[in-house]
Amino acid sequence: MRNISAKQILAYVLVGFFIIGAAGNIMAPKTIADEYARWGYPHWFHFVTGCLELTSALLMAKLASRILGSLLGACIMTAAIATVVFHGEYSHAIAPAVVLSLLLLSVYLHQRNPHTPVGA
């Protein structure tokens, strides 16, 4: 059986989170579309968010681009936090803040250590 490290599990959990987020934003049920409208975004902006989330997930899924995908995800979560805080929806900033923290942890854990073998 293959050993899977905690940092790989974290990365794949984040990939799953961003795939689910992308699907929700791309399909944009009424509740999500209403939120984007309430925040003043154009009616199509949920597609942009969903595509960025999907791109982040795809990049994080591969070790070679995991840090780049995590940094893109961090930008997305920072924008989400800024949006809800700007509109006074402070409790809605908790989830993106937790995800942002996990993304930054993933970046830290996946930094190349010259003493670590490739692929570890």
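Everything here concerns the structure above.
Along each chain, residue indices are assigned from 1 in the same order as the chain's sequence is written. Residue-level local features of this predicted model are given only where pLDDT is at least 70; pairs of side-chain atoms are given and counted only at 80 or more, and the full residue set underlies all totals for whole chains, interfaces and linings. Note that water and hydrogens are dropped before the side-chain values are worked out from all heavy atoms of the structure.

Undergrad: Which parts of the structure should I look at to understand the overall build of the protein chain?
TA: Scanning the protein chain from N- to C-terminus turns up five helices and zero strands. Helix and strand assignments follow DSSP, with helices taken as H or I runs no shorter than four residues and strands as E runs no shorter than two, numbered in order from the N terminus. For the protein chain, the N- to C-terminal ordering of α and β elements is α-α-α-α-α. Its C-alpha atoms give the protein chain principal-axis dimensions of about 50 × 25 × 20 Å. For every residue, the accessible area (1.4 Å probe, protein chains only) is compared with the maximum for its type, and the residue is labelled buried under 20%, exposed over 50%, or partly exposed between those bounds. With 120 residues in all, the protein chain has 34% of them scored as buried.

Undergrad: When you look at the packing of aromatic side chains in this model, what are you seeing that I'm missing?
TA: Each aromatic ring pair is summarised here by two numbers: the centre-to-centre distance and the angle between the ring planes. Put simply, two rings from Phe, Tyr or Trp (the six-membered ring, in Trp's case) pair if the centres are within 6.5 Å, and we call them stacked under 30 degrees between planes, edge-to-face over 60, tilted for the rest. Applying the stated criterion across every chain, the model contains six aromatic pairs. Between Y41 and F45, the ring centres sit 4.7 Å apart and the planes meet at 5°, which makes this aromatic pair stacked. Ring pairing ties together the aromatic residues Y36, W39, Y41, W44 and F45, which thus form one cluster.

Undergrad: Looking at this structure, how should I read helix α1 (residues 6-27)?
TA: Each full turn of the α-helix corresponds to 3.6 residues, which orients residues three or four apart in the same direction. Its 22 residues place the ends of α1 32 Å apart at the C-alpha level, agreeing with the 32 Å of an ideal helix rising 1.5 Å per residue. Listed in full, the buried residues belonging to α1 are K7, Q8, L10, A11, L14, V15, F18, A22, G24 and N25. Elements that come into contact with the buried residues of α1 comprise α2 (30-38), α3 (45-61), α4 (66-86) and α5 (94-110). Once α1 finishes, A28 follows within two positions and takes phi at roughly 40°, a positive value. Expected span of a helix, by definition, is 1.5 Å for each gap between consecutive residues, and there is one gap fewer than residues. We call two residues contacting when some pair of their heavy atoms lies within 4.5 Å.

Undergrad: Sorry, what's going on with α3 here?
TA: With 17 residues, α3 ought to run about 24 Å at 1.5 Å a step, and its terminal C-alpha atoms sit 25 Å apart, in line with that. Three or more residues of α3 are buried, namely H46, T49, G50, E53, S56, A57 and M60. Down the axis of α3, the buried side of the element spans an arc of 120°, and every buried residue falls inside it. Residues of α3 that are buried in the fold lie against α1, α2, α4 and α5. The arc in question is traced by the directions running from the helix axis to the C-beta atoms.

Undergrad: Help me out: how do you make sense of the layout of surface pockets in this one?
TA: A pocket here means an open set of points on a 1 Å grid, computed over the protein atoms alone, that has protein on both sides within 12 Å along at least five of seven lines. A cavity is instead a set of points where a 1.4 Å probe fits but cannot get out; residues with an atom within 4 Å of a point line either one. Grid points are joined across faces, edges and corners, and a volume is the space filled by probe spheres set on the points. Space inside the largest pocket adds up to approximately 710 Å³. In this structure, the largest pocket is lined by 28 residues; those nearest its centre are N25, Y36, T49, E53 and A80. Elements represented by at least two residues in the lining of the largest pocket include exactly α1, α2, α3, α4 and α5. Considering each element in turn, the lining of the largest pocket owes the most residues, eight residues, to α4. Throughout, the ten residues Ala, Val, Leu, Ile, Met, Phe, Trp, Tyr, Cys and Pro are labelled nonpolar, Asp, Glu, Lys and Arg are labelled charged, and all others, Gly among them, are labelled polar. Residue composition of the lining of the largest pocket, by class: 20 nonpolar, six polar and two charged.

Undergrad: Even after reading the chapter, I still don't get the packing of α1 against α5, so can you show me in this structure?
TA: How two helices sit against one another is set out by the angle between their axes and by the gap between those axes. The axes are straight lines fitted to the C-alpha atoms, using for helices just the contacting stretch, and the angles between their N-to-C directions are given from 0 to 180°. The geometry of α1 relative to α5 is characterised by a closest axis approach of 10 Å and an angle of 140° between their N-to-C directions. Relative to α5, the element α1 lies oblique. By crossing handedness, the relation of α1 to α5 is classed as left-handed. Only V99, L102, L103, L105, S106, L109 and H110 of α5 make contact with α1, whose side of the interface consists of K7, L10, A11, L14, F17 and F18. For the contact of α1 with α5, the class distribution of residues is ten nonpolar, two polar and one charged. With respect to orientation, any angle under 35 degrees is reported as roughly parallel, any angle over 145 as roughly antiparallel, any angle of 65 to 115 as roughly perpendicular, and every other angle as oblique. Whether a crossing is left-handed or right-handed is set by the direction in which the near helix is turned from the far one by less than a right angle, anticlockwise for left-handed and clockwise for right-handed.

Nothing here speaks to function; it is all geometry.
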